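Given next are the chains, with one letter for each unit.
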Amino acid sequence: MNGGRSDLRVDQWSQKRFAGLFKGVRSDSKDRSMEAAMQTTGKQKLKREIPLYVMLMPAVIITVIYSYGPMVGTSIAFQRFLPGKGLFGSPFTGLDNFLYMFKMPNILSVIYNTVFISLMKMVLGIIVPVTSALLLNEVVHTTYKRVVQTIIYLPYFLSWVILSGILITILSPSEGVVNQLLGYLGVEPIFFLGDERIFPYTIVATDIWKNFGFGTIVYLSALTSIDPNLYEASVIDGANRWQQTKHITLPGISTTIILLSVLSMSNILNAGFEQIFNLYSPTVYKTGDIIDTLVYRTGIQNYQFGVATAVGLMKSLVVLILIAVSNKAAEKIAGYRVF
Amino acid sequence: MIFLIFNYAFLFILAALCIFPVLHVLALSFSSSTAASSGRVVIIPVEFTLKSYEYVVQNSSFLRAFCISLYRVALGVPINILMTIMVAYPLSRTKAQFRAKGYFTWFFLITILFGGGLIPWYMVINETGLLDSIWALVIPGAVPVFNIILLINYFRSIPAELEEAAYMDGAGHWRILWSIFLPISIPTLATITLFSLLNHWNSWFDGLILMNNTDKYPLQSYLQTIVINRDPNTITVRDLDLLKIVNERTTKSAQLFVAMIPIICVYPFLQKYFTTGLVVGSIKG
């Protein structure tokens, strides 16, 4: 069909992509027979395993300190933390910080904003790349295709600092190009970043703009792995383009879509701190403030460590539950386990 | 037929949308301050001048931050790769070869499912004395679990015959890893190198929080303070002449563009590794 199939390894997304991590799908039985042939004792096995432990040690140590260490630190959420007294000297206050959190005046709008923005990003974050992958797949002219591909995922590689710098310039109500263009069309200047009614949509749109190129590439690869015979057979049966897409293409990449969806579930309460932090301002707090920016201001700017940690802890727990639920749901719906 | 035209046009618009902002900023950086402020610049520079770049080159804060980022990448990427390989290999062994595999796999996976949060993370880094040094940017993130997963999947797709043959010849794990797995994994290794490079070059928040001294900010952290900061008086130029021609807008654009140059130069060529590496890493394993 096109240059997509590079060699024997380029193939479809695995059903058991992550589950396979635990099962050792490859050659368990072979190992057993090999073992029997070599008659390895327990002690010999351990000796052979030692290099593996050695390899793991540095990473394990770092992970224990810097990933599990902070987990211990979440106990700050249950204290009135005083930096001078440290983790073990600060007074224990139970659920006080959590109660304080729920009493914060903007907590509801913050949660709502977070969910609203991240849901929109998730949904559009699938629709847009899939659509553009489908469209791009129809292009026969390989150079055009490659050039477009390369250009559309440039924004993905740029940091939100750079992109925010660009966006602030472009979207400026007074000097920005976009509003100038709108001016020519007779439209009043739009405060993309300052108007609280528009801000969330600006955030979602610019986030999609940044990231859709990456998703497009991933889906394009998945598309090339669909068996061409299916298309040929369907053409013989008289299917038109649209029917082909609906009955062959979309189911063919469904595992990829599900995989990326479940993975993005872990992002559900991450409405995009790096982006929003750089683009927001007090005028749009009402619709733009998200959990992470609240945690940042509460903790880093207002030094309310206990409350900030409590909010963060709450968020982690909710995300954990959502991942577990979506994993189970994916299993029930598509027979597909990610974890 | 109509569909084809529509398709090409639509894709053209998509691509244009993606590249226009970059071109616009580039044009701004080459324009005079009056042209930039009056909004006359779109894609072509108006009243072409190199003064903004002159400012950039003379700006010691910018250059220092740029060098710190280079240093960070030089330290951080090799450490990431090393960690990735040394974790992926044991975890890609079968249950029989490595009996504790499942425990270790969960050990690492849990870290992406649940985290301590911003404050505890900061405190740990503080307690371990890394604060305000380049190591704070490099050590805590040294174990990139997503990259490890990619590499694990790739390693598991390597035919068992290769390592069995080596094993029969008496090779230990180190030998097998070094002589067999690594050479075969170049595409995926290139992919994870790219991800790691990207991550280190683009990180700005950790620099902002973990460095007490603005002199120690890596490039993106430094940019964050000048670009997002809306104070118009942050520019410091000695030369009044220079001030007449450049303004905050054009110098910002110039600095943004210089920060983009490394990425723009590198990423198109890595597309080849990037796409195959991602897909390869996902086959049955």
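Residues numbered from 1 in each chain as written. Chains lettered and ligands numbered in written order. Predicted model: local features only at pLDDT ≥ 70, side-chain atom pairs only at ≥ 80, totals over all residues.

S.K.: I'd love a proper account of the overall build of chain A, names of residues and values included.
M.R.: Assigned secondary structure in chain A consists of 18 helices and 0 strands. Counting every position in chain A, which comprises 339 residues, the buried fraction comes to 37%. The contacts in chain A between residues at least 6 apart in sequence include a share of 68% that link residues at least 24 apart. (Helix = DSSP H or I, 4+ residues; strand = E, 2+ residues; numbered from the N terminus. Buried ≥ 20, exposed ≤ 12 C-beta atoms within 10 Å, placed from the backbone. Contact = placed C-beta atoms within 7 Å.)

S.K.: Before we move on, could you go through the packing of helix 6 (residues 107–137) of chain A against helix 14 (residues 254–265) of chain A and cite the residues and values that matter?
M.R.: All names here are of chain A. Running from amino to carboxyl end, helix 6 crosses helix 14 at an angle of 150°, the nearest separation of the two axes being 11 Å. With respect to each other, helix 6 and helix 14 are oriented roughly antiparallel. The handedness of the crossing between helix 6 and helix 14 is right-handed. Contacts between helix 6 and helix 14 involve Met122, Gly125, Ile126 and Val130 on the former and, on the latter, Ile257, Ser261 and Ser264. Of the residues that constitute the contact of helix 6 with helix 14, the class distribution is 4 nonpolar, 3 polar and no charged. (Axes fitted to C-alpha atoms, helices over the stretch in contact; angles between N-to-C directions. Parallel < 35°, antiparallel > 145°, perpendicular 65-115°, else oblique. Left-handed = near helix turned anticlockwise from the far one by under 90°. Nonpolar A, V, L, I, M, F, W, Y, C, P; charged D, E, K, R; others polar.)

S.K.: So what about the confidence of the model for chain B? Which residues, and what values?
M.R.: Residues and elements named next belong to chain B. Across chain B, the average pLDDT comes to 84, with 88% of residues at or above 70. A low-confidence stretch, residues 231–235 stays under pLDDT 50, and its non-local contacts, those more than four residues away or across chains, total 5 contacts. Scored below 50 in pLDDT, residues 280–285 shows 25 contacts in the model against residues more than four places distant or in partner chains. Confidence metrics for the complex model read pTM 0.82 and ipTM 0.84. (pLDDT = per-residue confidence, 0-100.)

S.K.: Just give me the short version of the interface of chain B and chain A, but keep the residues and values in it.
M.R.: Every contact between the two is made by 85 residues of chain B and, on the other side, 82 residues of chain A. Here the side of chain B that touches chain A gets 14 residues from one element, more than from any other, and that element is helix 15 (residues 248–280) of chain B. Residues belonging to the side of chain B that touches chain A are distributed by class as follows: 53 nonpolar, 25 polar and 7 charged.

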